[in-house]
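Reading the structure
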Number of protein chains: 2
Amino acid sequence: MITKVRRSPNTTIKDIARESGVSYSTVSRVINNFEHIKPETRERVMDAMTRLGYVANQHARSLVGGRSQVIGLLIHAFDSSYIGQIIQGIDEAVAEAHYDLMLYTTHRRKIRESSFVVSLARGLADGLLLVLPRDIEAYLDTLGQQGFPFVLIDYAATSSDVPSVNAANQQGAYDATLYLAKIGHRRIGFITGDMVADSAQERLMGYKQALAGSGIAFEAELVFQGDFYQSKGFEGANSLLSLDNPPTAIFASNDMIAFGVYEAVRNRGLRTPEDVSVVGFDDIPQAAQVHPSLTTVRQPLQEMGRIATQMLLRWIEEDLDEPLGYTQLATELIVRDSACSPVDSVFYRSRSAMPSSDERR
Amino acid sequence: MITKVRRSPNTTIKDIARESGVSYSTVSRVINNFEHIKPETRERVMDAMTRLGYVANQHARSLVGGRSQVIGLLIHAFDSSYIGQIIQGIDEAVAEAHYDLMLYTTHRRKIRESSFVVSLARGLADGLLLVLPRDIEAYLDTLGQQGFPFVLIDYAATSSDVPSVNAANQQGAYDATLYLAKIGHRRIGFITGDMVADSAQERLMGYKQALAGSGIAFEAELVFQGDFYQSKGFEGANSLLSLDNPPTAIFASNDMIAFGVYEAVRNRGLRTPEDVSVVGFDDIPQAAQVHPSLTTVRQPLQEMGRIATQMLLRWIEEDLDEPLGYTQLATELIVRDSACSPVDSVFYRSRSAMPSSDERR
DNA sequence: ACTCTTTATACAAACGTTTGCAAAAAGCTT
DNA sequence: AAGCTTTTTGCAAACGTTTGTATAAAGAGT
């Protein structure tokens, strides 16, 4: 049924052995840097390897060694550059450790998720990274019971014995909201993310907490439920700005939403930040390129990917009996040009028409 | 040096054999759907497999069978959602064929590219997909000589014996420019992509060709050299609009650039499309969400990924002696709200302030 | 020179499959 | 009931490594 494709008969450890006049086990020991090898022999073997262009067969290695040098990465889609940033961090850490990366996208197909986890657990990968997983409950058990190493990214672990990495979402939202309050805003709108994500919940809590801390009463009408996409941001801002008493500032749960807010503000003949201040969350690369450049809460996305990977590798390589708990990374408010004091509005026109964007970083 | 992690002794084909009272080769044949198996035996074996939760060890399989059921994907970064769309297409096709996807990012590290190609060729993957590759020459030979299956995506094959998939960039640019000319524009600005990419070159040619076809003289001052990023779009539009005789329309080499143009137009107190018509290229998801929604040349990105994958799989599985040539996919002009006749400008204000966006699709 | 470590190498088994070959079982034909 | 074909099953070898155990070579100490 399956046609064999047998490529050029690959050079194996035995070819090297023959070529350099030693046994194949010696070759293996040279490859794996064993101590008791006569320098001269080592030399001869190495030589033969480069001459014949030897590359070890990873499958044979995994078969006997049990390790595949591969880690699996499960994501659900390639929305925006949020995920790209995380992957970049992962990729770097993975490459450094000489592992490879197997990619699984779920595209909202729930069922597939748990089924592939099983197959992963059986040899294909040594560990698994899950970014922003939905319905983990389904396969968390499977993973846990098998003692299969895994780390969650951007998932607020409800029980802290689940190894995970995320950002200080609540603190970040708190900082952003407090900043707006500090520069004088009293009516601050908020557009949420998709509330099934923990991060969305946490950001809302941070917003509320900062209001409370600033002596501003929470008003439900100032909160619009979004979904992390630009169009809902547009819609949300339109809704908020249509209020009888509209907000002077809008805090968006991510940068894409903020871009939608930009559009809505403009569409109504208003200006950012003179008429409406805007603050985002994430600090995706576009945030700095946009006009006016976006004041936003920076989430260390690459860092998150990198750290999660390192945690995972430690679990894989050090045969721990306990999992590694969870790590929370600090966020940072990046002040750019999209927010100013409401009182500034009047004087703002004296500034140049083309905002100077990133000068202050 | 390496600590063994030996997980729970996995159930193998032999366990199943013992459990169901047959030999392990029979089990293997049941798994691989051989014809001469007594239905009752098959039943018994299947039963044991589900009971013991058997999953085949892929490494052992590859070792003997030569096939790893993995295909490698080489990309250089996760810019914008352009790459995401392509990956989605790839991922779907790969999943359908029950293969897995190994991800390699090069992050502008040229050297690594060629080195890993070698290691891939030795067992880890059965084939390779390269998206928008730079300096292929370096390792194209390696691949070609080894007879290792590979397909390039979004690379204009100079010699048509290189298997590749891309979009009709020139035709698409031609269509867009012609469209602008048809609705009355005579001065059409153009912002290029990164000219090291073939697609950028082709789009420029399409632009020139359409001008010629419309009896409009090409003017070098109307072409600004960009790099596919939003900030260069902003810069480029500012430059073009500062000309003594500025263009009434700007054709951007991709959607991100078009967004930059949007910003520049606004920043000068002008409006899209009333004062400056804008057309993009790609049709990334954001293009439809933006205000005004962007008229753009749709590149069938997912389709490209899917088709490239299918080509690759055919090469892998059907043991062809000849490679598969190259496939070019048609583009489609998606008319939305960002371009109108220059004469419309005067009357445009009668339209509602909030453009109706995607209604006409 | 003779045992005793230490260093260096070789052999063989194992990892979990697939598959060619051979043997056993079952059906047919006479 | 013997002979033949066809279906069904089992054994063993192979894939390319790693690694435990055994052996050979080389120094060290007497």
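These numbers come from a predicted model, not from an experiment.

What counts as what
- Residues numbered from 1 in each chain as written.
- Chains lettered and ligands numbered in written order.
- Predicted model: local features only at pLDDT ≥ 70, side-chain atom pairs only at ≥ 80, totals over all residues.
- Heavy atoms only, no water.
- Helix = DSSP H or I, 4+ residues; strand = E, 2+ residues; numbered from the N terminus.
- Buried < 20%, exposed > 50% of the residue type's maximum accessible area, 1.4 Å probe, protein only.
- Contact = heavy atoms within 4.5 Å.
- Areas by Shrake-Rupley, 256 points an atom, 1.4 Å probe, with all protein chains shown as cover.
- Near = heavy atom within 4 Å.
- Polar contact = N/O pair within 3.5 Å; in protein donor to acceptor, adjacent residues only side chain to side chain.
- Nonpolar A, V, L, I, M, F, W, Y, C, P; charged D, E, K, R; others polar.
- Pairing = 2+ DSSP bridges.
- Phe/Tyr/Trp six-rings, centres within 6.5 Å; stacked < 30°, edge-to-face > 60°.
- Expected span 1.5 Å × (residues − 1).
- Axes fitted to C-alpha atoms, helices over the stretch in contact; angles between N-to-C directions.
- Parallel < 35°, antiparallel > 145°, perpendicular 65-115°, else oblique.
- Left-handed = near helix turned anticlockwise from the far one by under 90°.
- Salt bridge = Lys/Arg side-chain N within 4 Å of Asp/Glu carboxyl O.
- 1 Å grid on protein atoms, 1.4 Å probe; cavity = no way out; pocket = protein on both sides within 12 Å on 5 of 7 lines; lining within 4 Å.
- Points joined across faces, edges and corners; volume = space filled by probe spheres on them.
- pLDDT = per-residue confidence, 0-100.

**Focus: the overall build of chain A**
Counting secondary structure elements, chain A contains 14 helices and 12 strands. Each of the 361 residues in chain A was classed as buried or not, and the buried ones make up 54%. Pairs at least 24 apart in sequence give 70% of the contacts found in chain A among residues at least 6 apart. For chain A, the exposed surface amounts to about 15700 Å²; the carbon and sulfur share of it is 50%.

**Re the protein's contact with DNA strand C**
Around DNA strand C, the surrounding shell holds 28 residues, and the nearest of these are S23, Y24 and T41 of chain A together with S28 and Y54 of chain B. Near the protein, within 4 Å, the atoms of DNA strand C are sugar or phosphate in 58% of cases. Measuring from a base nitrogen of DNA strand C, one finds a side-chain N or O atom of R29 of chain A at 2.9 Å. Residue R61 of chain B places a side-chain N or O atom 3.0 Å away from a phosphate oxygen belonging to DNA strand C. At the level of elements, α2 (24-31) and α4 (58-65) of chain A together with α1 (13-20), α2 (24-31) and α4 (58-65) of chain B are the ones that each hand at least two residues to the surface near DNA strand C. Its residues assigned to classes, the surface near DNA strand C comprises 12 nonpolar, 10 polar and six charged.

**Here's the deal with the sheet that holds strand β8 (residues 249-252) of chain A**
All names here are of chain A. Here six strands make up an open sheet; going across it, the order is β7-β6-β8-β9-β10-β12 and the pairing mixed. Edge positions in the sheet fall to β7 (223-224) and β12 (332-334), since each has one partner strand and no second. Two strands pair when backbone bridges link them, and β8 and strand β9 (residues 277-282) are joined in this way by three bridges, in the parallel orientation. Looking at β9, one finds that F251 is bridged to V279.

**Remarks on the packing of aromatic side chains**
In this description, a pair of aromatic rings is defined by centroid distance and the angle of the planes. Evaluated as defined, the whole model comprises 11 aromatic pairs over all chains. Consider the rings of Y207 of chain B and F218 of chain B, whose centres lie 6.4 Å apart with planes at 75 degrees: the pair is edge-to-face. Taken together, the residues Y207 of chain B in helix α9 (residues 198-213) and F218 of chain B in the loop between α9 and β7 (223-224) connect sequence positions 11 residues apart. You can call Y207 of chain B buried: its relative accessible area is 1%. The class of F218 of chain B is partly exposed, set by a relative accessible area of 38%. Aromatic ring contacts, followed pair by pair, group F190, Y207, F218, F251 and F281 of chain A into a single cluster.

**What to know about helix α11 (residues 255-267) of chain B**
Working note: α-helix, 3.6 residues per turn, so residues spaced by three or four point in the same direction. All names here are of chain B. Spanning 13 residues, α11 covers 18 Å between terminal C-alpha atoms, matching the ideal 18 Å at 1.5 Å per step. Of all the 13 residues making up α11, 12 are buried; the element is thus mostly covered by neighbouring parts of the structure. Listed in full, the buried residues belonging to α11 are D255, M256, I257, A258, F259, G260, V261, Y262, E263, A264, V265 and N267. Regarding α11, its N-cap is N254, as a side-chain oxygen of that residue lies 3.3 Å from the backbone nitrogen of M256 further along. The first or second residue beyond α11 is G269, which carries a positive phi of 75 degrees.

**Regarding the protein's contact with DNA strand D**
Close to DNA strand D lie 28 residues, the nearest being S28 of chain A together with S23, Y24, R29 and T41 of chain B. Counted by atom, the contact set of DNA strand D within 4 Å of the protein is 53% sugar and phosphate. T26 of chain B places a side-chain nitrogen or oxygen 2.7 Å from a phosphate oxygen of DNA strand D. Of all the elements in the fold, those that place two or more residues in the surface near DNA strand D are α1 (13-20), α2 and α4 of chain A together with α2 and α4 of chain B.

**Observations regarding the packing of helix α8 (residues 169-182) of chain B against α9 of chain B**
All names here are of chain B. As a packed pair, α8 and α9 sit with axes 7 Å apart at the nearest point and diverge in direction by 40 degrees. The orientation of α8 relative to α9 falls into the category oblique. Helix-helix and strand crossings are classified by hand; for α8 and α9 the assignment is right-handed. From α8, N169, Q170, A173, Y174, T177 and L178 reach across to α9, where they touch S199, E202, R203, M205, G206, Y207, Q209, A210 and L211. Within the contact of α8 with α9, the residues separate by chemical class into seven nonpolar, six polar and two charged.

**Observations concerning the pattern of salt bridges**
Residues and elements named next belong to chain A. A complete count under the given rule lists 19 salt bridges over all chains for this structure. Here R51 and E19 are joined by a salt bridge, their closest N and O atoms 2.5 Å apart. A residue pair is termed long-range when its members are at least 10 positions apart, and R51 in helix α3 (residues 39-52) and E19 in helix α1 qualify at 32 residues. Residue E19 is classed as partly exposed on the basis of its relative accessible area of 40%. Close ionic contact of E96 with R306 constitutes a salt bridge, the shortest N to O distance being 3.5 Å. Linking E96 in helix α5 (residues 82-96) with R306 in helix α13 (residues 301-318), this pair joins segments that are 210 residues apart in sequence. In the salt-bridge network here, residues are joined through shared partners; they are E19, D47 and R51.

**Observations concerning empty space enclosed by the protein**
Summed over all chains, the structure comprises seven cavities of 30 Å³ or more. Space inside the largest cavity adds up to approximately 150 Å³. Forming the boundary of the largest cavity are 14 residues, of which Q230, E263 and R266 of chain A together with Q230 and R266 of chain B lie nearest the centre. Elements supplying a minimum of two residues to the lining of the largest cavity: α11 (255-267) of chain A together with α11 of chain B.

**Let's talk about the confidence of the model for chain A**
Residues and elements named next belong to chain A. Put simply, chain A has an average pLDDT of 86, and 84% of its residues get 70 or more. Within the model, pLDDT remains below 50 along residues 1-7, and this stretch shows 17 contacts once partners closer than five positions in the same chain are excluded. In this model residues 345-361 is a low-confidence stretch, pLDDT under 50, and it forms 25 contacts with partners more than four residues away in sequence or in other chains.

**Side note on the sheet that holds strand β6 (residues 188-191) of chain B**
Residues and elements named next belong to chain B. Spatial ordering of the open sheet is given by β7-β6-β8-β9-β10-β12, a layout of six strands whose pairing is mixed. On the outer flanks of this sheet lie β7 and β12 (332-334), each paired with one strand and no other. Where β6 meets β7, two bridges bridge the pair, whose relative direction is parallel. Bridge pairing in β7 places F190 opposite V223. The sheet strands contacting α8 are β6, β8 (249-252), β9 (277-282), β10 (295-298) and β12, and the helix crosses β9 at an angle near 165 degrees.

**Looking at the environment of L204 of chain A**
All names here are of chain A. Position of L204 among the secondary structure elements: in helix α9 (residues 198-213). Since its relative accessible area comes to 14%, L204 is described here as buried. For the pair L204 and V223, spaced 19 residues apart in sequence, the C-alpha to C-alpha distance is 9.0 Å. When residues no more than four places from it in sequence are discounted, the contact partners of L204 are F190, M195 and V223.

**Comments concerning the side chain of N166 of chain A**
Residue and element names in this part refer to chain A. Locating N166 in the fold gives a position in strand β5 (residues 164-167). Here Q328 takes part through its side chain, which lies 3.5 Å from a polar atom of the side chain of N166. Setting aside anything within four residues of it in sequence, one finds N166 in contact with D154, Y155, A156, E202, M304, Y326, T327, Q328 and L329.

**So, the pairing of strand β4 (residues 150-153) of chain B**
All names here are of chain B. Alternating positions in β4 separate into two faces, F150 and L152 on one and V151 and I153 on the other, with burial throughout. Two elements, strand β3 (residues 127-131) and β4, share four bridges in a ladder whose sense is parallel. For L128, the partnering residue across the bridge sits in β4 and is F150. Taken together, the two bridges between β4 and strand β5 (residues 164-167) define a ladder with parallel strand orientation. For L152, the partnering residue across the bridge sits in β5 and is S164.

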